[in-house]
Amino acid sequence: MIPKLINTLGKVSDDKEITINKDGMKTVKLDNDNTDAIYLNYNRKHKELLSNPYIDTRNLFEDKNYIGDAYIDYDFGDSKNKYIKIEKINKKNNKLESIKIPLSKEFSTDNENEFLEVDSNFIYKDNLYMITRKISDSQEDNRRETLYILKIDTDSKKYEVVKELGIKEDDWLSGVKFINKDKIYIEIDRHNDGYSYSDFLIYDITKNELNESKKFMNSKSESGYDLFKEWIHYYIENDNLNIIVKNKENYISKLVYSLPNLDLINEEKYNFQINFSQDLSNTDGVKRIYYSDGKIITMYQNKFISSRKDKNKKTYDIAGNKPVDIKIFDTDTNKVVYEGELISSNRNIEDKLSIVKNY
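A brief look at the structure comes next. (Residues numbered from 1 in each chain as written. Predicted model: local features only at pLDDT ≥ 70, side-chain atom pairs only at ≥ 80, totals over all residues. Heavy atoms only, no water.)

1. Thoughts on the overall build of the protein chain
Operational definition: Only DSSP runs of H or I covering at least 4 residues are called helices, and only runs of E covering at least 2 are called strands; the numbering of each starts at the N terminus. Three exposure classes are used, based on accessible area relative to the maximum for each residue type with a 1.4 Å probe and protein chains only: buried under 20%, partly exposed in between, and exposed over 50%. Only the protein chains shown count as cover for residues, and all accessible areas are computed by the Shrake-Rupley method using a 1.4 Å probe.
When you go through the protein chain residue by residue, the secondary structure sums to two helices and 26 strands. Looking at the 359 residues of the protein chain, the share that counts as buried comes to 47%. In the form shown here, the protein chain has an accessible surface area of approximately 19900 Å², with 44% of it arising from carbon and sulfur atoms.

This is the structure:
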């Protein structure tokens with residue numbers, strides 16, 4: 001199934017939404033809600049009970065009984081004293097419980113160069129696990145990063161640090177990528193003398209062990225050619241790790257690794273190029289790459305500013321944006337199955353354009 005394209009209109013009509021799909025185009029009226037949150041892979045009727053309208057997908061958690069979010073916060077004017085803020089909803093009665101758990105001094109941040117970041121939340125045997133990291137990034141102190149795995153008992157409103165790991169200055173945590181068979185896979189990028197590779201820190205929940213996997217995604221040689229390591233998507237299939245990547249020639253491939261050994265067992269090259277890199281800021285236009293149900297969806301657009309002169313020879317600038325180029329590539333048929341343009345005069349359309357499933 002191909003995800004639908006959604007373009008939420010600008011400030012004049014923030015309560016309207018245009019949906020574009022194979023059945024054509026329709027306009028729907030939105031309720032008074034934070035639009036971005038609608039697009040999360042999240043049950044909307046439960047989401048509306050939460051007080052935080054700007055939910056980060058990394059903060060969400062869910063099991064058969066509860067759904068909610070958990071993040072690190074502090075009271076206004078007291079940024080040193082952090083606490084865990086949890087909102088969980090009982091799915092049976094829709095009852096919302098709000099919980100605050102103070103964090104110890106090791107999680108304090110003394111200046112603007114120190115901050116805490118949550119990578120993932122999940123529930124295991126009625127306990128909430130939070131994977132977070134503390135980052136200190138200042139010129140005087142160099143870069144320091146510490147990984148913490150917290151086990152939280154929401155009933156007693158207590159937590160314990162079950163694992164703590166300092167990260168080397170030249171290494172970078174890139175977050176939790178997937179969970180498979182009670183193991184949490186946290187990717188870490190390592191750099192040494194111009195040579196870069198990745199491996200996983202694998203947290204075994206049942207054994208409370210944190211181990212390091214073998215190297216993978218080698219940037220100097222992977223199946224006989226240099227790999228520009230820009231991953232697009234991870235997914236598990238038949239107990240193998242599948243990684244959709246873009247190489248230095250901008251072609252897309254699928255690398256298949258065995259789990260848990262991470263041996264490269266197959267590579268499938270696709271006849272599809274993506275001539276741009278993902279840019280989370282999208283400051284110069286739309287740059288987005290999605291993967292869903294065997295389809296790679298790309299959206300690309302550039303903004304521009306051109307100079308003109310009036311009859312008095314005075315120079316002025318005209319700001320505009322080109323159409324959004326949309327392509328859908330089917331990995332099963334190895335073909336582009338849809339290509340089109342979305343024309344809009346909205347200079348900030350990158351903030352209003354999303355792709356969703358089952359809308």
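On we go from here.
2. Notes on the pairing of strand E25 (residues 335–342)
So the rule is basically this: A pair of strands counts as paired when DSSP detects no fewer than two bridges linking them.
By the bridge criterion, seven bridges tie strand E24 (residues 324–330) to E25 in an arrangement that is antiparallel. Opposite Lys 327, over in E25, you have Glu 339 as the bridge partner. If you look at the hairpin formed by E24 and E25, you'll find four residues sitting between the two strands, and Asn 334 has a positive phi there, around 60 degrees.

3. A short note on the sheet that holds strand E4 (residues 60–62)
Which entries qualify depends on this criterion: Helix axes use the C-alpha atoms of the stretch in contact, all axes being lines fitted to C-alpha atoms, and the angles between their N-to-C directions lie in the range 0 to 180 degrees.
Strands sit in the order E4-E5-E6-E7 across an open sheet of four strands; the sheet is antiparallel. Either end of the sheet is taken by a strand with one partner, and the two such strands are E4 and strand E7 (96–102). Strand after strand, the sheet turns through a mean of 20 degrees between neighbouring axes, direction not considered. Bridging between E4 and strand E5 (residues 66–74) involves three bridges; their strand directions are antiparallel. Within E5, the residue paired with Glu 62 across the bridge is Ile 67.

4. Some details on the environment of Asp 199
Inclusion rule: The contact criterion used throughout is that any non-hydrogen atoms of two residues lie within 4.5 Å.
Mapped onto the secondary structure, Asp 199 falls in strand E14 (residues 195–204). Separated by 13 residues in the primary sequence, Asp 199 and Glu 212 have C-alpha atoms spaced 7.1 Å apart. With residues near it in sequence (within four places) discarded, Asp 199 still touches Ile 186, Glu 187, Ile 188, Arg 190, Glu 212, Ser 213, Lys 214, Lys 215 and Phe 216.

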